[in-house]
Structures are given as structure tokens and as C-alpha cells.
Amino acid sequence: MSNATLGLPADLRAYLLEVGVREPDVLRDLRDETARLPEHDMQIAPEQGALMALLVELSGARRCIEVGTFTGYSSTRIALSLPPEGTLVCCDISREWTDVARRYWERAGVAHMIELRLGPALDTLDALLTEGQSGTFDFAFLDADKDRYPEYSDRLIALLRSGGLLAIDNVFWGGDVVTPNDADPSVTAIRSMNQALANDERVSVAMVPIADGLTLVRKR
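In this text, all values refer to a predicted model and were calculated from it rather than measured experimentally. (Residues numbered from 1 in each chain as written. Predicted model: local features only at pLDDT ≥ 70, side-chain atom pairs only at ≥ 80, totals over all residues. Heavy atoms only, no water.)

Can you help me understand the layout of surface pockets in this one?
Rolled over the atoms, a probe with the dimensions of a water molecule shows which regions are left empty. Roughly 500 Å³ of internal volume is contained in the largest pocket. If you trace the largest pocket, you find 33 residues lining it, with Gly68, Asp92, Asp143, Ala144 and Asp145 closest to the centre. Among the secondary structure elements, those contributing two or more residues to the lining of the largest pocket are helix H4 (73-81), strand S2 (87-92) and helix H6 (121-130). With three residues, H6 is the largest single contributor of residues to the lining of the largest pocket. (1 Å grid on protein atoms, 1.4 Å probe; cavity = no way out; pocket = protein on both sides within 12 Å on 5 of 7 lines; lining within 4 Å. Points joined across faces, edges and corners; volume = space filled by probe spheres on them. Helix = DSSP H or I, 4+ residues; strand = E, 2+ residues; numbered from the N terminus.)

Looking at this model, I keep getting lost on the side chain of glutamine 48. Mind explaining?
Within the element layout of this structure, glutamine 48 appears in helix H3 (residues 46-59). Since its relative accessible area comes to 0%, glutamine 48 is described here as buried. Every residue in contact with glutamine 48, bar those within four places of it in the chain, is listed here: Phe141, Asp169, Ile210, Ala211 and Leu214. (Buried < 20%, exposed > 50% of the residue type's maximum accessible area, 1.4 Å probe, protein only. Contact = heavy atoms within 4.5 Å.)

Before we go on, may I ask you to explain the packing of aromatic side chains in this structure?
Throughout the structure, instances matching the rule amount to one aromatic pair. A centroid spacing of 4.9 Å and a plane angle of 85° characterise the contact between phenylalanine 70 and tryptophan 97, whose relative ring orientation is edge-to-face. In this pair, phenylalanine 70 is assigned in the loop between strand S1 (63-67) and H4 and tryptophan 97 in helix H5 (residues 95-108), connecting sequence segments 27 residues apart. Comparing phenylalanine 70 with tryptophan 97 shows no difference in burial state: the two are buried. Its guanidinium or amino end placed over the ring of phenylalanine 137, arginine 63 lies 4.0 Å from that ring's centre, counting from NZ or CZ. (Phe/Tyr/Trp six-rings, centres within 6.5 Å; stacked < 30°, edge-to-face > 60°. Lys NZ or Arg CZ within 6 Å of the ring centre and 35° of its normal.)

Can you walk me through the sheet that holds S1 in this structure?
What holds strands together in a sheet is hydrogen bonding between their backbones, with the strands either parallel or antiparallel. As summarised here, the arrangement of the seven strands in space is S3-S2-S1-S4-S5-S7-S6, forming an open sheet in which the pairing is mixed. A strand with exactly one partner marks an edge of an open sheet, and here the two such strands are strand S3 (114-118) and strand S6 (203-208). Geometrically, the sheet is characterised by an average inter-axis angle of 15° between neighbouring strands, direction not taken into account. In the sheet, S2 pairs with S3 via five bridges, with the strands oriented parallel. (Pairing = 2+ DSSP bridges. Axes fitted to C-alpha atoms, helices over the stretch in contact; angles between N-to-C directions.)

Would you mind going over H5 with me for this structure?
With 14 residues, H5 ought to run about 20 Å at 1.5 Å a step, and its terminal C-alpha atoms sit 19 Å apart, in line with that. Within H5 the residues assigned to the buried category are Trp97, Thr98, Val100, Ala101, Tyr104, Trp105 and Ala108. Summarising the axial view, the buried residues of H5 lie within an arc of 145°, below the 170-degree limit, and thus occupy one face. Pointing more than 90 degrees away from the buried face of H5 are the exposed residues Arg95, Glu96 and Glu106. Where H5 is buried, its residues contact helix H2 (25-34), H4, S2 and S3. Residue serine 94 occupies the N-cap position of H5, its side-chain oxygen lying 3.4 Å from the main-chain nitrogen of glutamate 96. After H5 finishes, the residue glycine 109 shows a positive phi value of roughly 80°. (Expected span 1.5 Å × (residues − 1). Arc of directions from axis to C-beta. Polar contact = N/O pair within 3.5 Å; in protein donor to acceptor, adjacent residues only side chain to side chain.)

Put into C-alpha cells, the structure is as follows:
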């Protein structure tokens, strides 16, 4: 996990944040509050948030979903990039962390756009598919428990429309994906998903070396 781009020198990253990221005050404050949590590394990097926001705008997304909300940085960033009629479904299991997110959604003026579904994300995704919502989402973001990444990504691709975009965080897992004989379940799952996507003819894929690695998946 990393809330900054791996391998980027401190002075160059400071420059990146100064001139390459337009971070609203509400998100900067959320980042500062989250930094005080032991799990702060679970928050996405601001430069990644800026890229995702631009992708949402470029794609004209109106209906979005994310798996793994934490304290709400990514969801707030996404919602702020949506048109007024846009919606975002957030999947998470932690009321404690998402209560922080709710405060910032309210402050950012996007709470009315967001539907939080608390519970195991696979159950939520399966329910959406059972409800007939396959092919109805424009943009998806995945940043949850890594050992379930193959299952999550399969379901999110099913939920996306043709031309929809899935962004997957932590595909480098701190570089452990290229560590020989690392059999940690998270590493194994990420490797498995990365390889499957590389060979999946249903999608176009680009792995971007930002933050801890971000794979962009466009459904054909």
C-alpha cells in the first residue's frame, strides 16, 4: 500500500503536488485527518486522485461504483467530478471509517449523490448483478482486500457498460508482485488478476506506474 507514488524523489513529488494536482481544500483536510490513523497508507495518493477525476470527466461518466471506500478520499474525488445527476455506489464493511467519509461527503456537497452499501462487497456486487444491473455502470474503482481482487474485478467488469472504465489500485503491492517465491495471499491474488487481465480479450488494459500501480481496464 502507498499513498504516494513509489520511487519518486521527495523534491520531484513536492513539485508534482504543487503544479500537477488541483486538490480541493476538503480533500486536503481529509488527507490530513486520515494521516493520523494507523491505517493511513490505505488512502490513495492525491496525484492518483487527480488522474481518476480527469478520467471520470473525460469518459462522461454518470454512474460509478467503488469497492473499498475507507475514509472517503477517492469517493469524494469521484463524486466531485460527476455531473449534477451523477451517482456513486460505495461498497465497504467499516462503519467507523465510512462515518469519516460521510462527514466529508456532506462538507463537499456530494452526499446526495452517494449510496453507501455496508457489508461484504462480493455480496453487494452479486446483488447488483442479480438485480439486472450488469452493463449499467460507466466507471468503477477497486481498492479493497487484495486476496479477493480476481473476484471483484470479474464482477466489476460485468457491471460496466461497453466502453466503461475500471481503475484498480495497488497492482504493484509495494513491488512484491515481482518478489520471487512470495506466496502471501494478497500478492498471489494480485499476480493472478494482473495476468488474467493481460490475457483478457474482453478488455483493453494499461498498467500505470502511479502511486502503488494503477491498472486501467476499458471494457470492449
